[in-house]
Number of protein chains: 2
Amino acid sequence: MKVIVAANCGFCPGVKSAISTAEEVLSGEHNVYSLGPIIHNRDVVERLAKSGLKTVDDIAEINSGTVLIRSHGAAPDSISKIKQKGLKIVDATCVLVKRVQQIARQLDQDGYEVVVMGDRNHPEVKAVVGCAKHVTIIADESDIDKLPKNGKLGIVCQTTQSPEYFSRMLAAISERGFRELKVINTLCKEAIKRQESAVELCKKVDIMFVLGGMESANTRKLAELCKKYNPETFHLQNWNECDKMALSGKTTAGVTAGASTPQWIIAEFVEKLKAF
Amino acid sequence: MKVIVAANCGFCPGVKSAISTAEEVLSGEHNVYSLGPIIHNRDVVERLAKSGLKTVDDIAEINSGTVLIRSHGAAPDSISKIKQKGLKIVDATCVLVKRVQQIARQLDQDGYEVVVMGDRNHPEVKAVVGCAKHVTIIADESDIDKLPKNGKLGIVCQTTQSPEYFSRMLAAISERGFRELKVINTLCKEAIKRQESAVELCKKVDIMFVLGGMESANTRKLAELCKKYNPETFHLQNWNECDKMALSGKTTAGVTAGASTPQWIIAEFVEKLKAF
């Protein structure tokens, strides 16, 4: 099989920074917790667990030690609860995610009704919700009716969404009617680069693989985009999940990976695929 | 012929105010000029001409007397020239058009690159251009490339455009890429009401008439919208222009009129159409 790897794929600076922060803390402390998976990649989370990182779902499960705030951030009330319990905080929130929170806070202070576009179940979006008095989440067109018709709206977007999604939601909001819109482009340029590389590549190959966690928003977006241009697109976590039957009759394969997918997962996949 | 008149049509408050301002000035003064037609309706302009209003294209043609600023406004440099010549100014600019100019000025002061969406040849749009250091006119999708890809854009729209146009242009701008957008809804609610009534009506009739000046932006927009839903739509200035052949075989006609079309034009048209 001829295998082409996307020009831009794999770890982004935000993920690299979160992992190195975790490794640094783990090298000096024993009681280290992450509130939810530090990044959306099972293999990486398992590797860090072996170094001692305990991933918990709720602050109630932590009684002492250090809490690592994961790359997707945490809502202000979670931070307050951690502080109230007297726990030490190490913040590994991606700087771009942090920026979305700060912008939401500022828009709220400036009298805008804050709107965040994105997946309501994603921790990044959930954390933004806590940053203003009232935040409306717009996941898709069906949410538009939740907005006032004559509002002064301050709009941000989940960092890992695509420019196409951002402008489609914006058009839907403006069609609904508004008094004023202030829209800050909070999309991650690294995510956009990965999207562009993936779309370009998937058009040229017989089969396309998108590697990354099932919960990873940016990986899911890559898969969604590739599927549009190449129906033979598969979102997998690693080589073990690959259905070898799908490869039959294919001569060229494309491989891309989300921002939370480590290089060794990509390398192993490419090597096995080439040998197939 | 059964004739139905649109629920909202004809003179808007801005046009009414411009005409009554003109009449008031003309009742007390002799030397009264309008820089371009006071409203985009030939019949009204001719009637005011009989009362003494002289319509000129250039300030150079005026040496003394009073200059009436028409409903669509005038660019700041035109106002300066009029003042420099020592002429008296009476401002009949529509308050909503004036608001667009003020917003453009404020956006410019706040560090935004000003963008106005609309017809580059319309006097309202031309006047806005003079209100900021640099203004980009976006008439349609082909103009989007004129914008920077990473700009901080302050956006207004010609008052007589439709919400559909406004959101379509906004989507095109956001798809192009931006750093920040501040969009103020400058659409005229009276124009929107006329658009909604016209679209609703044109769907129910065999033939649709849109009455108003050929230069009138809001009338042209009404005709454009109606044509989408009823290809048998005709934009006419008055009954004389009606091609009676087009009426053959039709049993129900709809009539609407732009914001600068006087009631007597509509009444005469409806009366003659009913009798046909």
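The model shown is predicted, which means the values in this text are computed figures rather than measured ones.

*Asks:* Can you lay out the overall build of chain A for me, pointing to particular residues and giving the numbers?
*Replies:* For chain A, the count of helices and strands is nine helices and 12 strands. Whereas a compact globule of 276 residues would reach a radius of gyration of roughly 19 Å, chain A reaches 20 Å, a difference of no more than 12%. Each principal axis of the C-alpha distribution contributes one length, and for chain A these read about 60 × 55 × 25 Å. A total of 276 residues make up chain A; the buried ones form 57% of that total. Residue pairs at least 24 apart in sequence account for 71% of intrachain contacts in chain A once pairs closer than 6 positions are excluded.

*Asks:* Describe the interface of chain B and chain A, and please don't skip the residues or the numbers.
*Replies:* If you look at the interface, chain B gives 15 residues, while chain A gives 15 residues. Between chain B and chain A, a total of about 1,400 Å² is buried, with carbon and sulfur atoms accounting for 56% of that surface. Looking at the side of chain B facing chain A, the largest losses of area belong to Ser167, Phe178 and Asn185 of chain B, adding up to 29% of the total buried there. A salt bridge links Lys182 of chain B to Glu180 of chain A; the nearest nitrogen and oxygen atoms lie 3.7 Å apart. Our count for the contact surface shared by chain B and chain A stands at six residue pairs in polar contact (both at pLDDT 80 or more). Looking at the side of chain B that touches chain A, the elements with two or more residues in it are α6 (163–176) and β9 (180–184) of chain B. If one sorts the elements of the side of chain B that touches chain A by residue count, α6 of chain B sits on top with six residues. Per-class residue counts for the side of chain B that touches chain A are eight nonpolar, three polar and four charged.

*Asks:* Pulling in residues and values, what's your account of the relation of the copies chain B and chain A?
*Replies:* Superposing chain B onto chain A takes a rotation of 180° plus a shift of 0.0 Å along the axis, which leaves an RMSD of 0.0 Å. The transformation relating the two chain copies, once decomposed into turn and shift, fits a two-fold axis. Looking at the interface residues of chain B, 100% of them are also at the interface in chain A, so both copies use one shared face.

*Asks:* So what about the packing of aromatic side chains? Which residues, and what values?
*Replies:* Aromatic ring pairs: the centre-centre distance and the angle between the two ring planes describe each pair. Tallying each qualifying case throughout the model produces eight aromatic pairs over all chains. In this structure an aromatic cluster arises from ring pairing among Phe209, Phe234, Trp239 and Phe269 of chain A. Positioned above the aromatic ring of Tyr33 of chain B, the side-chain terminus of Lys54 of chain B is 5.4 Å from the ring centre.

*Asks:* Please give an account of helix α1 (residues 13–28) of chain A that cites residues and values.
*Replies:* Residues and elements named next belong to chain A. Compared with an ideal rise of 1.5 Å per residue, which puts 16 residues at 22 Å, α1 spans 23 Å between its outermost C-alpha atoms and is within 8% of the ideal. By the burial criterion, the buried members of α1 are Gly14, Val15, Ala18, Ile19, Thr21, Ala22, Val25 and Leu26. Buried residues of α1 fall within an arc of 160° about the axis and therefore sit on the same side. Counted as exposed and oriented over 90 degrees from the buried face of α1: Pro13, Glu24, Ser27 and Gly28. The elements touched by buried residues of α1 are β2 (32–35), α2 (42–50), β4 (66–69) and β5 (88–91).

*Asks:* Just give me the short version of the sheet that holds strand β11 (residues 233–236) of chain A, but keep the residues and values in it.
*Replies:* Within a sheet, adjacent strands bond to each other through the backbone by hydrogen bonds, running parallel or antiparallel. Residues and elements named next belong to chain A. Spatially, β1-β12-β10-β11 is the arrangement adopted by the four strands of the open sheet, whose pairing is parallel. This sheet does not close on itself; its edge strands, each paired only once, are β1 (2–5) and β11. On average, each strand axis in the sheet is inclined to that of its neighbour by 25°, with strand direction left out of account. As judged from the four bridges shared by strand β10 (residues 207–211) and β11, these two strands associate in the parallel manner. Across the sheet, residue Leu211 finds its bridge partner in β11, namely Leu236. Helix α9 (residues 263–275) contacts β1, β10, β11 and β12 (252–257) of the sheet and is inclined by roughly 170° relative to β12.

*Asks:* So what about the packing of helix α6 (residues 163–176) of chain A against α6 of chain B? Which residues, and what values?
*Replies:* Between α6 of chain A and α6 of chain B, the shortest axis-to-axis distance is 8 Å and the interhelical angle comes to 155°. One element, α6 of chain A, and the other, α6 of chain B, form an angle in the roughly antiparallel class. In this structure, α6 of chain A meets α6 of chain B at a crossing whose hand is right-handed. Mapping the contact onto sequence places Ser167, Leu170, Ala171, Ser174 and Glu175 of chain A in α6 of chain A and Ser167, Leu170, Ala171, Ser174 and Glu175 of chain B in α6 of chain B.

*Asks:* Explain the sheet that holds strand β8 (residues 152–157) of chain B to me, and be specific about the residues and the numbers.
*Replies:* Taken in spatial order, the eight strands line up as β7(A)-β6(A)-β8(A)-β9(A)-β9(B)-β8(B)-β6(B)-β7(B) in an open sheet, and their pairing is mixed. Of all the strands in the sheet, the pair left with one neighbour each is β7 (135–138) of chain A together with β7 (135–138) of chain B. Mean inter-strand twist for the sheet, computed between neighbouring axes without regard to direction, equals 20°. With four bridges joining them, strand β6 (residues 113–117) of chain B and β7 of chain B adopt parallel strand pairing. Bridge pairing in β7 of chain B places Met117 of chain B opposite Ile138 of chain B. Set on the sheet, helix α4 (residues 95–109) of chain B makes contact with β6, β8 and β9 of chain B; between it and β8 of chain B the angle comes to about 175°. Here α6 of chain B sits on the sheet in contact with β9 (180–184) of chain A together with β6, β7, β8 and β9 of chain B, set at roughly 140° to β6 of chain B.

What counts as what
Residues numbered from 1 in each chain as written. Chains lettered and ligands numbered in written order. Predicted model: local features only at pLDDT ≥ 70, side-chain atom pairs only at ≥ 80, totals over all residues. Heavy atoms only, no water. Helix = DSSP H or I, 4+ residues; strand = E, 2+ residues; numbered from the N terminus. Rg over C-alpha atoms; globule rule 2.2 N^0.38 Å. Buried < 20%, exposed > 50% of the residue type's maximum accessible area, 1.4 Å probe, protein only. Contact = heavy atoms within 4.5 Å. Buried area = accessible area lost by both parts, 1.4 Å probe. Salt bridge = Lys/Arg side-chain N within 4 Å of Asp/Glu carboxyl O. Polar contact = N/O pair within 3.5 Å; in protein donor to acceptor, adjacent residues only side chain to side chain. Nonpolar A, V, L, I, M, F, W, Y, C, P; charged D, E, K, R; others polar. Least-squares fit on C-alpha atoms with pLDDT ≥ 70 in both. Phe/Tyr/Trp six-rings, centres within 6.5 Å; stacked < 30°, edge-to-face > 60°. Lys NZ or Arg CZ within 6 Å of the ring centre and 35° of its normal. Expected span 1.5 Å × (residues − 1). Arc of directions from axis to C-beta. Pairing = 2+ DSSP bridges. Axes fitted to C-alpha atoms, helices over the stretch in contact; angles between N-to-C directions. Parallel < 35°, antiparallel > 145°, perpendicular 65-115°, else oblique. Left-handed = near helix turned anticlockwise from the far one by under 90°.

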